[in-house]
Amino acid sequence: MNDRKQQPATDEGARDQIHGRVARTSIYALTGGVLLFVFAVLVRDEFHFRGQESAPPEASGPLSFTPPPMSKIPDGPAGTSIRHGMAIFENTGTEAKPFVGNQLACRSCHLDAGRKADSAPMWAAWVSYPQYRAKNKKMNTMEDRLNGCFSYSMNAQGSPSGGPPPKGDPIYADLEAYFHWLASNAPTGAKLKGAGFLKLKLPQSGYDRDRGRAVYAQHCASCHGDDGQGRTDINGRQVFPPLWGPRSYNWGAGMAQLNNAAGFIKANMPLGAGNTLTDQQAWDAAAWIDSQERPKDPRQKGTVAENVVAFHSGEKTFYGKTVDGHLLGSGTEVPVQASRR
Amino acid sequence: MTTDRESVDEAFEPYEPKRRVPLPVYWVAIALALWGALTLLRDSSADRTGAKQRIAEATTLERRQTATGSALFAERCATCHQADGTGVDGAIPPLAGSPFVGASPGVIVQILLHGIEGPISVNGSDFDGHMPAFGSVLDDDQLARLATSVRGTWGPGGSISPGFVATERARTAQRTSPWHGGDEIATTLDRTIGVQPAYLPAPRSPDDLTAQSIASIGKAGGWSCASCHGSHGEGRDGVPRLAGLSPDYIARQLLAFTDGSRPNDIMRPVAQQLTAADRVALGRLFASLATPSSSHPALEGDVARGAELALQGDDRRNLPSCFSCHGPSGFGVSPNIPSIAAQRPSYTAGRLAALARLTSRQPGSIMPAIAGRLSDADRRAVADYLATLPPSPATSSKDAR
């Protein structure tokens, strides 16, 4: 009897005990499991997204800007002008043929049709003109500036007309329409990130054309050629621009100054692998390119030495220096038009 | 013996002593279950967006099929002839005022079908003409719309019907080479075009016969080129198209296979059999083949995205456009940069993936870095887009530079 009564009692107690234990275990298990899961998700997100988060924009630094996509060019007469401006920018030798004296186009240096940051993008240029320039010691409108581009970078002295587009030529209006559209919604006069070329400090060991020759051979020659004359496709169309010689920019161009060339190279070259060269390599490659002959400075009236004083004092350039017995700045002899295909 | 037997429990069943399952095991199990559920959920949503993307792509593809003539022009012709038809001074003939656009409608259709290889004179300027053949990448409907649009914008106007294109296609179905310059077009198709510069066929070289033999039957018992790359250099799944690549590029790659600077276990033994003269001759041979494209999008890539990457690049990912180095229509820039137009998509995507894995970078080579920044979807997109392009024009040996 005793036994009988006790048995169920013990059973019940044991069952309760077991129930309690199961409940407690389940609660512990569930809580622990959920916590572990949450922890795992957090850890994964931390590692997964850390690399992707961009630094928060600095409050006081230069502003970032993205130009509108090509598909947003408006229709109508304004759109026609913008499109023609873009066509001039990309196909300068054809669209502005009378005023182009080399094998370059605007986009040769202003990459991605003037959109790419750190390659003197046109959206940044548009909002910083009119501007006073020490180069010609006056307040420059955008048209004045473009006149300079044609004179120097496009070597207009070697063009069919022998000079840049005359004042008021529609080429200026269409190029400006394109720049204005690229700068849609950009603040006027504000400092924009990526404006102009990268300002690259001169390394302690300076620049050296012999070191530059090696950098050039290793990193530049496969596209621009050992002779720096660029390359054409099967139709004879210039794909990689000539960097020196009669078909390149002349001695008056901004790119003929080492600091501009070095900044451009550092940020953009080799194309698609910008910022992979060291600052030293960029300066040295610029030195190799700049220490080659190119069309003469169209402003030159007297000797090269006189022109150095008149227009090149304080510049970092090989202009007026003698390299391998040759006075750089003398200009190239081959008439550009004859060498065109 | 008996006692021994009795002492053994015959009914013994092996068992494990009952122990409580340790809590951490539950934790891990539950966490894994939740993780699994989450992954399943994500996958099904990815599936839904994938379906949406495929529908969008199908619509784009359909749009491409039914694109208007001017849209086809913008997509297919403007990289060379320019959106406004001005061409490129000294390289690409203009369309505005061109006697070829103004000639009888059969002329433009024939040029589109077979392309041009040879000198051509337009508006007083001579051009070394290399135009691709669109016969293998556009159908009669598309060609009719495109030709109508070009003649409407820069020529005498009038409508060209798909039936007319079909007749023209049938008329020259036997033709295996591009039109040899303006002269052959003018004398064969329409004399109103006027006098055109004469086409001078490239001189034959004795090495050309050797190259033929290596390409079709191989050298000294080795594999022939044709056994993998096809009898016309058209390539096949995963094997590149060679027809229309630049002669110098082919010769350089064969050398690179030989010395291992382009590692490839299949090509290496084959290339090692070749002499320097063989490499040059093979380069010339494959460059001169005007093989129609047999490449089609095959990787379910987003062709519109591929077009964007090829033509404009993607600044946000620091990707320059393909064409900024591979030439305005993907025809390559001799000697280092290959043609990528009409290449087999499986080869293009595979090659991009292989380049992305390269750790030791060849100096001056930037493709590993660029390929590394392409996502798998972008690699498929760009490979599929390039497969829709007309093949790079064949070049005869006189152009080998």
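Residues numbered from 1 in each chain as written. Chains lettered and ligands numbered in written order. Predicted model: local features only at pLDDT ≥ 70, side-chain atom pairs only at ≥ 80, totals over all residues.

Overview of the confidence of the model for chain B
Next up, step 1: Residue-level pLDDT values for chain B average 86, and 89% of them are 70 or greater.
Next up, step 2: The ipTM for the predicted assembly is 0.77, set against a pTM of 0.79. (pLDDT = per-residue confidence, 0-100.)

Observations regarding the confidence of the model for chain A
Residues and elements named next belong to chain A.
Next up, step 1: Averaged over chain A, the pLDDT score is 87; the fraction of residues at 70 or greater is 89%.
Next up, step 2: By mean pLDDT, the top-scoring element of chain A is helix α12 (residues 279–290) (97), and the lowest-scoring one is helix α14 (residues 336–339) (44).
Next up, step 3: Segment residues 1–6: pLDDT under 50, and 0 contacts once partners within four positions in sequence are set aside and those in other chains are kept. (Helix = DSSP H or I, 4+ residues; strand = E, 2+ residues; numbered from the N terminus. Contact = placed C-beta atoms within 7 Å.)

Thoughts on the packing of helix α11 (residues 258–268) of chain A against α12 of chain A
Residues and elements named next belong to chain A.
Next up, step 1: The contact between α11 and α12 brings their axes to 8 Å, and the two run at 125°. By the angle between their directions, the pair α11 and α12 is classed as oblique. As α11 runs across α12, the sense of the crossing is right-handed. Of α12, the residues touching α11 (which contributes L258, A261, A262, I265 and K266) are D279, A282, W283, A285, A286, A287, I289 and D290.
Next up, step 2: Taken together, the residues of the contact of α11 with α12 break down into 10 nonpolar, no polar and 3 charged. (Axes fitted to C-alpha atoms, helices over the stretch in contact; angles between N-to-C directions. Parallel < 35°, antiparallel > 145°, perpendicular 65-115°, else oblique. Left-handed = near helix turned anticlockwise from the far one by under 90°. Nonpolar A, V, L, I, M, F, W, Y, C, P; charged D, E, K, R; others polar.)

What to know about the domain arrangement of chain B
All names here are of chain B.
Next up, step 1: According to the domain assignment, chain B contains domain 1 (69–193) and domain 2 (203–401).
Next up, step 2: A straight line from the C-alpha centre of domain 1 to that of domain 2 covers 27 Å.
Next up, step 3: Domain 1 puts 15 residues into the contact, and the matching count from domain 2 is 14 residues.
Next up, step 4: Of all the secondary-structure elements, those providing two or more residues to the side of domain 1 that touches domain 2 are α4 (78–81) and β2 (125–131).
Next up, step 5: Classifying every residue of the side of domain 1 that touches domain 2 gives 7 nonpolar, 7 polar and 1 charged. (Domains from an automatic or database assignment.)

Overview of the interface of chain B and chain A
Next up, step 1: Counting residues at the interface gives 39 residues for chain B and 38 residues for chain A.
Next up, step 2: Residue contributions to the side of chain B that touches chain A peak at 9 residues, all from helix α2 (residues 23–65) of chain B.
Next up, step 3: Among the residues forming the side of chain B that touches chain A, the class breakdown is 23 nonpolar, 11 polar and 5 charged.

Structural notes on the domain arrangement of chain A
Residues and elements named next belong to chain A.
Next up, step 1: Segmentation of chain A into domains returns domain 1 (70–182) and domain 2 (209–339).
Next up, step 2: Taken over C-alpha atoms, the centre of domain 1 sits 21 Å from the centre of domain 2.
Next up, step 3: Listed per partner, the contact involves 16 residues of domain 1 and 18 residues of domain 2.
Next up, step 4: Broken down by secondary-structure element, the contributors of at least two residues to the side of domain 1 that touches domain 2 are α4 (106–109) and α7 (142–153).
Next up, step 5: Top contributing element to the side of domain 1 that touches domain 2 by residue count: α7, with 3 residues.
Next up, step 6: Residue composition of the side of domain 1 that touches domain 2, by class: 5 nonpolar, 10 polar and 1 charged.

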